[in-house]
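Structural features, examined
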Amino acid sequence: MAQILVVADDLTGANATGARFARAGLRVATVTSEQASRAARDYDAVVINLDSRHLPAEQAAAEVTAAVEAVWPVELVIKRTDTTLRGNVGAELEAAWRAVRARVPEPTPVRALFAPAFPASGRVTVDGVQLLDGVPLERSELALDPLNPMSTSVVADILGEQTDLAVRHIPLRRVAQGPLTAELAAGDEPVVLCDALTEQHLADIAQAAARVNRDHGTVWLAVDPGPAGALLGEALGLSGPAAAAGPLLGVVGSATELTRRQLDAVARAGPVRFVDVDAARLAGGEVDYRARIARELDDHLAAAAFPEPVVLRTAQSARDVVELPAAAKLALPGLLADLVADAVRSADESGVPSGLYTSGGEVTSAVLDALDVRAFEVDGEVVPLAVHGRLSGGVLDGAPVVTKGGLVGDDATLAECLAKLRRAVRARLRTVPAAVPGHHGPHARPPQPPDPPSAGPLQAPPRV
């Protein structure tokens, strides 16, 4: 049964939005309203193209209401808007909100999360104003659009032309500052309008909205041109059939209070398997204890499947680790790394990790060395000092990786890092063959030229 309904006002936008969910591994179909009920039985995401952009507002609203009725119940409804806010934006938003509101029992709050930015195509929202390549809509060529000439770029005013629903605006300065849970949970306005300059801003908004859903029960109607709705679906844990990949593997050697809060946030966000290590016993050389932890890690990797993470973590407080003898503290990263390397090498095909997360510079260096990684191919940052990329060489050759320092970020940062890792694994599964003659396993690649002579030990990304 469908988990997601996208209601679009034109075919191009409908297909573009559907493509984002397809890239996330969902089964997607773009259909007309007449085909929607049947498609909802066969697909994870149903995208209904209404061709309603140039209809009279009342007719467009009625079409939206009928579309929601045809596919309900679903976990998330997305009202897809034009990237430059042409058409019946206000009327269709209100119709979608009222349709969802009518189907969700009181007193559960139902709110429209309106994030009209599409940064990848030059559409951003600043101070409630929609900009096209940095220019307000009414100062662009859209002022002369033959069917929808734009006379304003103030988003609230565009909505106000067709709806009286109250709007709560969250400006860019708050979006950029960090967690938005309190702002998204505050007030009772039916519409929450969020500024955004980058896709990371949209991801932050989506993560905060998902937390409000979990903590307060708020049902969100996503209203946007594509990116925010897809990110909200991911943050809510909506997905298609499990990909043919092993679980994510996390290695956390830090015992700081921030790290503990980040791990707690991950535990609240969805399924996760923890393997807790007593650092003193492991560093003390207790053979039976190490064997027990190794078995536990092996068992979790064998039982879990993508996108679930298995996280090996030290169980003590920061004070306990600090009070370890100096030799034990120095040895701990290598001991954790040896556990990881043994587990990865002994795992059967379904248990080989599809992505790796590490926390702390010493732990990262030790783990990558133990896995015989030749290079860390850096792709960018999730947040400052949280780096994502790919592993080159070793048993996890080509696997996506995210690393960060133990004191980096806020309570939600580890969850954001794992979300980035999941997206990278899904992208890899779509582009890398599952097997190549002569090479076996989920991370197989075509034959490579011989490795160049080693230039010395692998260096981990910067840490704090």
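Residues numbered from 1 in each chain as written. Predicted model: local features only at pLDDT ≥ 70, side-chain atom pairs only at ≥ 80, totals over all residues. Heavy atoms only, no water.

A few points about the nonpolar core
Leu5, Val46, Ile48, Val71, Leu93 and Phe114 are the most contacted members of the largest nonpolar core, which totals 43 residues. Sorting elements by how many residues they give to this core places helix α4 (residues 89-103) first, with seven residues. With residues near it in sequence (within four places) discarded, valine 46 still touches Ala2, Ile4, Leu5, Val6, Ala29, Val31, Ala36, Ala39, Ala40 and Val71. (Core = buried A, V, L, I, M, F, W, Y, C linked by side-chain atoms within 4.5 Å. Buried < 20%, exposed > 50% of the residue type's maximum accessible area, 1.4 Å probe, protein only. Helix = DSSP H or I, 4+ residues; strand = E, 2+ residues; numbered from the N terminus. Contact = heavy atoms within 4.5 Å.)

A closer look at the side chain of glutamine 207
With respect to the element layout, glutamine 207 can be found in helix α8 (residues 199-216). Setting aside its immediate chain neighbours within four residues, glutamine 207 contacts Ala235, Glu416 and Ala419.

Focus: the environment of alanine 419
Its location among the elements puts alanine 419 in helix α16 (residues 413-431). Taking the C-alpha atoms as reference points, alanine 419 and glutamate 234, separated by 185 residues in sequence, lie 8.1 Å from one another. Other than its neighbours up to four places away in sequence, alanine 419 contacts Gln207 and Glu234.

A closer look at α4
The end-to-end C-alpha distance of α4 is 22 Å, a good match for the 21 Å that 15 residues give at a rise of 1.5 Å each. Taking burial as the measure, the 15 residues of α4 include twelve buried ones, the bulk of the element. What α4 keeps buried is the set Val89, Gly90, Ala91, Glu92, Leu93, Glu94, Ala95, Ala96, Trp97, Ala99, Val100 and Arg101. Tucked inside the fold, the buried residues of α4 contact α3 (57-71), β4 (76-80), β5 (110-114), α5 (155-160), β10 (191-194) and β11 (219-224). (Expected span 1.5 Å × (residues − 1).)

Section: the pattern of salt bridges
Tallying each qualifying case throughout the model produces 23 salt bridges. Where aspartate 9 meets arginine 53, a salt bridge forms, and the shortest distance between an N and an O atom there is 3.0 Å. With a gap of 44 residues between them, aspartate 9 in the loop between β1 (4-8) and α1 (11-23) and arginine 53 in the loop between β3 (45-49) and α3 connect regions that are remote in the sequence. Given a relative accessible area of 3%, aspartate 9 falls into the buried group. The residue arginine 111 makes a salt bridge to glutamate 189 at a minimum N-O spacing of 3.3 Å. Highlighted residues: arginine 111 in strand β5 and glutamate 189 in the loop between α7 (181-185) and β10, separated in sequence by 78 residues. Sharing partners across several salt bridges, the network here consists of Asp9, Asp10, Arg53, Arg80, Asp82, Arg86 and Asp145. (Salt bridge = Lys/Arg side-chain N within 4 Å of Asp/Glu carboxyl O.)

Considering the packing of helix α12 (residues 287-303) against helix α14 (residues 326-346)
Taken N-terminus to C-terminus, the directions of α12 and α14 make an angle of 45 degrees; their axes are 10 Å apart at the nearest point. One finds that α12 runs oblique with respect to α14. Of the two possible hands of crossing, α12 and α14 adopt the one that is right-handed. Every residue of α14 that contacts α12 at Arg290, Ile293, Ala294, Leu297, Asp298 and Leu301 is listed here: Asp338, Leu339, Val340, Asp342, Ala343 and Ser346. (Axes fitted to C-alpha atoms, helices over the stretch in contact; angles between N-to-C directions. Parallel < 35°, antiparallel > 145°, perpendicular 65-115°, else oblique. Left-handed = near helix turned anticlockwise from the far one by under 90°.)

Section: the pairing of strand β12 (residues 248-252)
The two faces of a sheet get side chains in turn, since along a regular strand they alternate between them. By the criterion of burial, β12 is predominantly enclosed, with five of the five residues buried. Residue alternation in β12 divides its side chains into two sets, Leu248, Gly250 and Val252 and Leu249 and Val251, and both sets are buried. Across five bridges, the pairing between β12 and strand β14 (residues 309-314) is parallel. Paired with valine 252 across the two strands is arginine 313, which belongs to β14. Direction of pairing for β12 relative to strand β15 (residues 355-359): parallel, over a ladder of five bridges. Its bridge partner lying in β15, leucine 249 is registered against leucine 356. (Pairing = 2+ DSSP bridges.)

Some thoughts on the sheet that holds strand β8 (residues 135-136)
Within the open sheet, the three strands sit side by side as β6-β7-β8. Their pairing is antiparallel. Across the chains shown, the open sheet's two edge strands, defined by having one partner strand only, are β6 (123-126) and β8. As defined by bridge partners, β6 adjoins strand β7 (residues 129-132) across four bridges and the pair is classed as antiparallel. Bridge assignment links valine 124 to a residue of β7, and that residue is leucine 131.

Description of unusual backbone geometry
Look at the link from tryptophan 72 to proline 73: it is a cis peptide, with omega at 10 degrees. Mapping proline 73 onto the fold places it in the loop between α3 and β4. Cis geometry is found at the peptide bond from glutamate 106 to proline 107, where omega equals 5 degrees. Within the fold, proline 107 resides in the loop between α4 and β5. Its identity as a non-glycine residue notwithstanding, aspartate 127 has a phi of 55 degrees, on the positive side. Assignment of secondary structure puts aspartate 127 in the loop between β6 and β7. Overall, the relative accessible area of 53% leaves aspartate 127 in the exposed class. Of note in this structure, aspartate 372 is not a glycine but carries a positive phi near 60 degrees. With respect to the helices and strands, aspartate 372 occurs in the loop between α15 (361-370) and β16 (375-383).

Some thoughts on the side chain of glutamate 308
As for its position among the elements, glutamate 308 is in the loop between α12 and β14. With relative accessibility at 17%, the residue glutamate 308 sits in the buried group.

Quick word on the packing of helix α2 (residues 33-42) against α3
At a minimum axis distance of 8 Å, the contact between α2 and α3 shows a crossing angle of 20 degrees. With respect to α3, the element α2 is oriented roughly parallel. Where α2 crosses over α3, the two elements pack in a sense that is right-handed. Here Ser33, Ala36, Ser37 and Ala40 of α2 come into contact with α3, specifically with Glu63, Ala67, Ala70 and Val71. When grouped by side-chain class, the residues that make up the contact of α2 with α3 number five nonpolar, two polar and one charged. (Nonpolar A, V, L, I, M, F, W, Y, C, P; charged D, E, K, R; others polar.)

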